[in-house]
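Topology and contacts: notes
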Amino acid sequence: MRKLLSLTMMALVAGSAYAGGYRVSLQGQKQLAMGHTGVGVVQSAEVLFFNPAGAAFLKDRFNFSVGGNALFAKTKFQNETYNWKSSTDNFGTPFELYASYKATDWLTVGLAVYSPYGSTVEWDKDWQGSHLVNDIKLEAIYIQPTVSIKVSDQFSIGGGPIFVTGSVNFNRNLTRSLTNEQGNRSDVTIDAKGVTAWGYDVGFMFNPAETVRLGVNYRSEITMEARNGDATFNDLPAFAQGTYQNTQFNADLPLPAELTAGLSVEITDKWLVAFDYNMAFWHVYDALTISFANGTPTSVNPRNYKDAGTYRFGTQFKPNDKFAFRAGWYFDESPVQDGYFAPETPRNDSMGFTGGLTYQLNPKLGIDFSFLYLHFDETKNSYNYYNEDGNLVTFGGTYKNVVFSPGVGLTYSF
């Protein structure tokens, strides 16, 4: 049971960090269309996520942005040695809601609500990697009140606490071969609800010239504390029912801190360009420790992630008061090292291609459209730490991944 639940909880953490298997950034329609840049950009309430300090420079007193995406992800797996083939088609609906209010000339308050890690991964039933994962469903909502202070016309600071609430449901087969008397594969379902955590977000913005903005934002490490989650076993043969008994578990799940720096430059009054660099400090996830309610010894499991960076570029062109057109690109490094490549997060380095536009219905209200095409490098890799009967078993092959996500939103200010 220790080996079983430890691998299950590794999938929980990985899913939390990678939106059901993929590190996809979908926290604003305008900024997504610009390569998900934004730490040095001020144009809507979306700045509350990218850099809360920037809210102090919003022109209007009230600013609102709401939007959502349809996330389509596809992964293909193949092992030519054993002629194994499988695939997973998954769907998610992340959303965001931002609102800011300029209380005084120097003080702006706001609220950001977004779901960066809501998705589902479902592999073919009883596929060759079912002893590692069959399916996982993750839901997480971030609630972030913010305060932004304009120190001067050139400098501002901002930040606030982050409250996270979510749940996870995960299923995998117990072993590579165990079945009940009817031939059904034995499996376990892990379910944890009401998982909560606290963190914080701080940033500053500096405007050295009228057409240039520099920004830095830091989002703290967040530890998701899963307490009294349920582990339920299904289709057990008679001889295994005494070994695998329904139980509860506790685990602390670290999500890494992130530091982002960036700038934007107005080339002309119609043309804006932006660049961001993000560093996620994944080295904190070197192992996962799990304790159980039934006296099973504490389990420590290696993960050995490395810090990983993302390079983002974006541009915006506004030919008139009715339209704004956007495009962007980013390169996202994977924190997963060789030998730790698990099918619940089958990702490698990736490139994101983005675009979109805004149609301004009137001076106050605009409709935002965006899209993301995310292409992962094909990779041949394995996970080498599945423990079965005291032996480490390797599972691997070639993975191909692709993600497409259209989005729509509304921006309102007055």
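Each remark here, short or long, concerns the structure printed above.
The structure presented is a predicted model; accordingly, all values stated were derived computationally and were not measured. (Residues numbered from 1 in each chain as written. Predicted model: local features only at pLDDT ≥ 70, side-chain atom pairs only at ≥ 80, totals over all residues. Heavy atoms only, no water.)

Things to note about the packing of aromatic side chains
- Evaluated as defined, the whole model comprises 29 aromatic pairs.
- Ring centres of Phe-275 and Phe-313 lie 5.0 Å apart, and the angle between their planes is 45°; on these two criteria the pair is classed as tilted. With Phe-275 in strand 14 (residues 271–280) and Phe-313 in strand 17 (residues 308–317), this pair connects stretches of sequence that are 38 residues apart.
- The exposure class assigned to Phe-313 is partly exposed, which follows from its relative accessible area of 39%.
- Taken together, the ring pairs in this structure connect Phe-77, Tyr-82, Trp-84, Trp-123, Trp-127, Phe-341, Phe-395 and Tyr-399 into an aromatic cluster.
- The lysine or arginine in question, Arg-219, covers the ring of Phe-49, its NZ or CZ lying 4.4 Å from the ring centre.
- Taking NZ or CZ as reference, Arg-312 lies 4.5 Å from the ring centre of Tyr-330, over its face. (Phe/Tyr/Trp six-rings, centres within 6.5 Å; stacked < 30°, edge-to-face > 60°. Helix = DSSP H or I, 4+ residues; strand = E, 2+ residues; numbered from the N terminus. Buried < 20%, exposed > 50% of the residue type's maximum accessible area, 1.4 Å probe, protein only. Lys NZ or Arg CZ within 6 Å of the ring centre and 35° of its normal.)

Quick look at the nonpolar core
- The biggest cluster of nonpolar side chains holds 60 residues, and the ones touching the most others in it are Ile-222 and Met-224.
- Take this core: its biggest share by element is 6 residues, from strand 9 (residues 187–209).
- Ranked by size, the runner-up nonpolar core spans 9 residues in total, among them Leu-32, Leu-71, Ala-73 and Tyr-330. (Core = buried A, V, L, I, M, F, W, Y, C linked by side-chain atoms within 4.5 Å.)

Some details on the pairing of strand 20 (residues 365–376)
- On strand 20, burial follows the alternation: Gly-366, Asp-368, Ser-370, Leu-372, Leu-374 and Phe-376 on one face are buried, whereas Leu-365, Ile-367, Phe-369, Phe-371, Tyr-373 and His-375 on the facing-out side are not.
- As judged from the 11 bridges shared by strand 19 (residues 350–360) and strand 20, these two strands associate in the antiparallel manner. Residue Tyr-359 lies in a different strand from strand 20, and its bridge partner there is Ile-367.
- Between strand 19 and the antiparallel strand that follows it, strand 20, lie 4 residues.
- Sheet topology note: the strand 20/strand 22 (residues 391–413) ladder contains 11 bridges and is antiparallel. Each residue of the ladder has a partner; that of Phe-369, found in strand 22, is Val-408. (Pairing = 2+ DSSP bridges.)

Thoughts on the pattern of salt bridges
- Tallied over the full model, the rule gives 5 salt bridges.
- The partner of Lys-400 in a salt bridge is Glu-378, with the nearest N and O atoms 3.8 Å apart. Of the two residues, Lys-400 is situated in strand 22 and Glu-378 in the loop between strand 20 and strand 21 (379–388); the sequence distance between them amounts to 22 residues.
- Lys-400 gets classed as partly exposed once you look at its relative accessible area, which sits at 45%. (Salt bridge = Lys/Arg side-chain N within 4 Å of Asp/Glu carboxyl O.)

Some words on a nonpolar patch on the surface
- Taken together, the side chains of Ile-267, Trp-271, Phe-317, Phe-323, Phe-325, Tyr-359 and Leu-361 present a nonpolar region at the surface, about 620 Å² in accessible area.
- Looking at the element boundaries, Tyr-359 is found in strand 19.
- On the basis of relative accessibility, which here comes to 31%, the residue Tyr-359 falls in the partly exposed class. (Patch = residues over 30% accessible without salt bridge, like charges linked within 9 Å, V, L, I, M, F, W, Y side chains within 5 Å. Areas by Shrake-Rupley, 256 points an atom, 1.4 Å probe, with all protein chains shown as cover.)

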